[in-house]
Amino acid sequence: MAERRGECSWKRHISEQLKVRDRVQRQAFEEIVLQYNRLLEKSDLQTVLSERYQTDKYDVQRGHEASSGTDGRSDVLQQEMSQMRIKHQEELTELHKKRGELAQNVIELNNQIQQKDKEIQSNEAKMVEYQQQITTLEGDCRELRSCLQDLERANQTLKDEYDALQITFSALEEKLRKTTDDNQELVSRWMAEKAQEANKLNAENEKDTRRRQAKLQKELADAAKEPLPIEPDDDIEVLAEDVGKGAGETSPKRPLSRTPSKRTSQPPPGGLLDSISNIFGRRRPTNSFSSSPEHPEAPSGVCAEVRVPSTALHVFEAHDGEVNAVRFSPGSRLLATGGMDRKVKLWEVVAGRCEPKGALTGSNAGITSIEFDSAGSYLLAASNDFASRIWTVEDYRLRHTLTGHSGKVLSARFLLDNARIVSGSYDRTLKLWDLRSKVCMKTVFAGSSCNDIVCTEQCVMSGHFDKKVRFWDIRAESIVQELELFGRVTSLDLNHDRTELLTCSRDDLVKIIDLRTNAVRQTFSAPGFKCGADWTRVTFSPDGSYVAGGSADGALYIWSVVTGKVDRTLDRNHNSAINSVSWSPSGAFVASVEKGSRAILWSDM
């Protein structure tokens, strides 16, 4: 049954297709067939008429022959024959004319048929092409549907994951909020407890001070009441007349005599000295400063006399590659240099030469700035690996690594308490770090890349890529004031009493800003001076009477603050642009480093 149904279905399909083709093709040729049928009918009619005319002609001829005797009748017949001939001739001409027209119509219709055949073939080819395109597009549609289903499944999966992550994020956010609240509460409680402890400690200190003062007063009163015993063996000077009065045997002219003591003199009571020291805020000197690792060198860097350099005492290769930073220790005994070889090197200044003492390692990129703490115990260095590091100078050990910036750190400085530092970065932020807790206390967005930093007790001054010097209040985390220069700020330095700020910028100008008025007080320039990089450092002399800076052509310029003019130009020893200059706190030496690997120690010796 299934085979019969299949056979009937394809037969029916063929029959329907033939009917459709017959209907389409018959409609195109129906007019031609109709005209052709008319032409055949007229042709048949012409044949019948021709045969009839031939018959009539033969009949007339026979009648004419039969009735040749009757002339009158033959004239009539001839006339009729002539009329019929004319009429037939006209009809024949008309038929020939119609035949020509129909033949022309047939030719035109044949041409149309040929054109239609060509159009049909072209349409059939297009239909085949379109059918292929339809097949291809159907395959593409199936693939796209499959991809769409896969994407919908993936999208649903991602949506489910997003919902799960959103729920997790909400839970973590709630947990963070609770943790923050708990932390704030703990900090508040801790601060309250610390305040209470501080108050108790202050009260106890006050009580102890009052007790010591009372004890001191009592000891002083007792000491004033008791007579001072003088033993004959003490190492003292005795006048002859006084002794004579005491013993009755000595002459008035007896000279001054000294007797050696047979026992060591006893020191005064420890409690009394301690009380006096506490009152005047002074402790007995010990040798802990020289032996403790926190004080590797005595603070002998007080400037007695500033020497304007004129001679290169020592030219040496400091690093493998570019040298970016240089700094003297507070005692002027050590010189630190930092370079692109990721090292900070320490040099001991001995007899006008820099002798290598050690290297501080641990940085993963080039060093950009160097700073000693006020005691010379620790060295702080900023580097291009987004971090700042602190080493102890005595044992060269890395103590702290402060990470958190998202760009290279271009400058880092100790605050005056040496327990906090400030770092400025290419990521346009400044960070305040607490070395006791080793955490970032504050982050301030400056709006521009920070090239250098200097600090006072409660103010941080930063120089930026957008040509501005910004003054920050550490306590308020806000900008106190901005001062715009004419070029990108590359360097900042403070004078010895922290009342003047020295700046260097890419417009090849060195300026002094009066911090009391926050205005530019003096501007230095020179025909050959050119700032060579965004991190070119200039410096004050220890007494603030001179300014030193290096140029892109390798020359070291010394300006006098009093005259505002170039005092000296040293241009014979550097082979490339000078990156940084440092003046020793003692005022005796100046050190400069360059984009090459060379460092130079200068003085007037």
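The structure displayed is predicted, hence computed values, not measured ones. (Residues numbered from 1 in each chain as written. Predicted model: local features only at pLDDT ≥ 70, side-chain atom pairs only at ≥ 80, totals over all residues. Heavy atoms only, no water.)

A. Region of interest: the overall build of the chain. Looking only at helices and strands, the chain has five helices and 30 strands in total. Across the 605 residues of the chain, 34% fall into the buried class. In the chain, the share of contacts with a sequence separation of at least 24, taken over all contacts with a separation of at least 6, comes to 48%. For the chain, the exposed surface amounts to about 37,900 Å²; the carbon and sulfur share of it is 52%. (Helix = DSSP H or I, 4+ residues; strand = E, 2+ residues; numbered from the N terminus. Buried < 20%, exposed > 50% of the residue type's maximum accessible area, 1.4 Å probe, protein only. Contact = heavy atoms within 4.5 Å. Areas by Shrake-Rupley, 256 points an atom, 1.4 Å probe, with all protein chains shown as cover.)

B. Summary view of the sheet that holds strand E19 (residues 478-484). Spatial ordering of the open sheet is given by E16-E17-E18-E19, a layout of four strands whose pairing is antiparallel. Edge strands, defined here as strands with exactly one partner in the open sheet, are strand E16 (450-455) and E19. Within this sheet the neighbouring strands show an average axis-to-axis angle of 20°, counted without direction. Relative to strand E17 (residues 459-464), E16 is paired through five bridges, and the arrangement is antiparallel. Its bridge partner being in E17, Ile453 is matched across the sheet by Ser462. (Pairing = 2+ DSSP bridges. Axes fitted to C-alpha atoms, helices over the stretch in contact; angles between N-to-C directions.)

C. Quick peek at empty space enclosed by the protein. Considering all chains together, one arrives at one cavity of 30 Å³ or more under this definition. For the largest cavity, the calculated volume is near 130 Å³. Together, 11 residues line the largest cavity, and Leu432, Val444, Val460, Trp472 and Ile474 are the ones closest to its centre. At the level of secondary structure, the elements contributing two or more residues to the lining of the largest cavity comprise strand E14 (429-434), strand E15 (439-445) and strand E18 (468-473). Looking at the lining of the largest cavity element by element, the count peaks at three residues for E14. When its residues are assigned to classes, the lining of the largest cavity shows seven nonpolar, no polar and four charged. (1 Å grid on protein atoms, 1.4 Å probe; cavity = no way out; pocket = protein on both sides within 12 Å on 5 of 7 lines; lining within 4 Å. Points joined across faces, edges and corners; volume = space filled by probe spheres on them. Nonpolar A, V, L, I, M, F, W, Y, C, P; charged D, E, K, R; others polar.)

D. A nonpolar patch on the surface, seen in detail. Side chains of Trp10, Ile14 and Leu18 sit close together on the surface and give an oily, nonpolar patch of about 300 Å² of accessible area. Tracing the chain through its elements places Leu18 in helix H1 (residues 2-66). (Patch = residues over 30% accessible without salt bridge, like charges linked within 9 Å, V, L, I, M, F, W, Y side chains within 5 Å. Salt bridge = Lys/Arg side-chain N within 4 Å of Asp/Glu carboxyl O.)

E. Up close: the layout of surface pockets. Estimated volume of the largest pocket: approximately 1,200 Å³. Taken together, 42 residues make up the lining of the largest pocket; nearest its centre are Arg327, Glu371, Asp493, Arg498 and Pro585. Broken down by secondary-structure element, the contributors of at least two residues to the lining of the largest pocket are strand E4 (323-328), strand E8 (367-372), strand E12 (409-414), E16, strand E20 (489-494), strand E24 (538-540) and strand E28 (578-583). Of the residues belonging to the lining of the largest pocket, the class tally is 23 nonpolar, 12 polar and seven charged.

F. Structural context of the pairing of strand E13 (residues 420-425). Burial of E13 is extensive: six of the six residues sit out of reach of the surface. Neither face of E13 is left uncovered, since the one carrying Arg420, Val422 and Gly424 and the one carrying Ile421, Ser423 and Ser425 both have all their residues buried. The pairing of E12 with E13 spans five bridges and is classified as antiparallel. Its bridge partner lying in E13, Ala412 is registered against Ser423. With antiparallel pairing between neighbouring strands as the criterion, E12 and E13 make up a hairpin whose turn holds five residues, including Asn418 at a positive phi of roughly 60°. By the bridge criterion, five bridges tie E13 to E14 in an arrangement that is antiparallel. By the bridge assignment, Val422 is partnered in E14 with Leu432.

G. A look at the side chain of Gln522. Relative to the helices and strands, Gln522 resides in strand E23 (residues 519-524). A distance of 2.8 Å separates a polar side-chain atom of Gln522 from the backbone oxygen of Val561. Look past the residues within four positions of Gln522 in its chain and what remains in contact with it is Val510, Lys511, Ile512, Ser560, Val561, Thr563 and Gly564. (Polar contact = N/O pair within 3.5 Å; in protein donor to acceptor, adjacent residues only side chain to side chain.)

H. How the structure looks around the sheet that holds E15. Strand order across the open sheet formed by four strands is E12-E13-E14-E15, with antiparallel pairing between neighbours. If you trace the sheet from one side to the other, it starts and ends with E12 and E15, each paired once. Pairs of neighbouring strands in the sheet enclose a mean axial angle of 20°, with direction left out of account.

I. Geometry of the packing of aromatic side chains. What the rule picks out here adds up to six aromatic pairs. On the numbers, 5.2 Å between centres and 85° between planes, the contact of Phe529 with Trp559 is edge-to-face. Of the two residues, Phe529 is situated in the loop between E23 and E24 and Trp559 in strand E26 (residues 556-560); the sequence distance between them amounts to 30 residues. We classify Phe529 as buried; its relative accessible area is 3%. (Phe/Tyr/Trp six-rings, centres within 6.5 Å; stacked < 30°, edge-to-face > 60°.)

J. Representation of the pairing of strand E29 (residues 590-594). With five of its five residues buried, E29 lies for the most part within the structure. The alternating pattern of E29 places Val590, Ser592 and Glu594 on one face and Ala591 and Val593 on the opposite face, and all of these are buried. Relative to E29, E28 is paired through five bridges, and the arrangement is antiparallel. Residue pairing for E29: Val581 is matched across the bridge by Ser592. Counting the residues that bridge the hairpin from E28 to E29 gives six residues, and of these Gly587 lies at a positive phi of roughly 85°. Pairing of E29 with strand E30 (residues 598-603) involves four bridges; the strand directions are antiparallel. What sits directly across from Val590, in E30, is Trp602. Between the antiparallel neighbours E29 and E30 lie three residues.

Coordinates in, geometry out; function isn't part of it.
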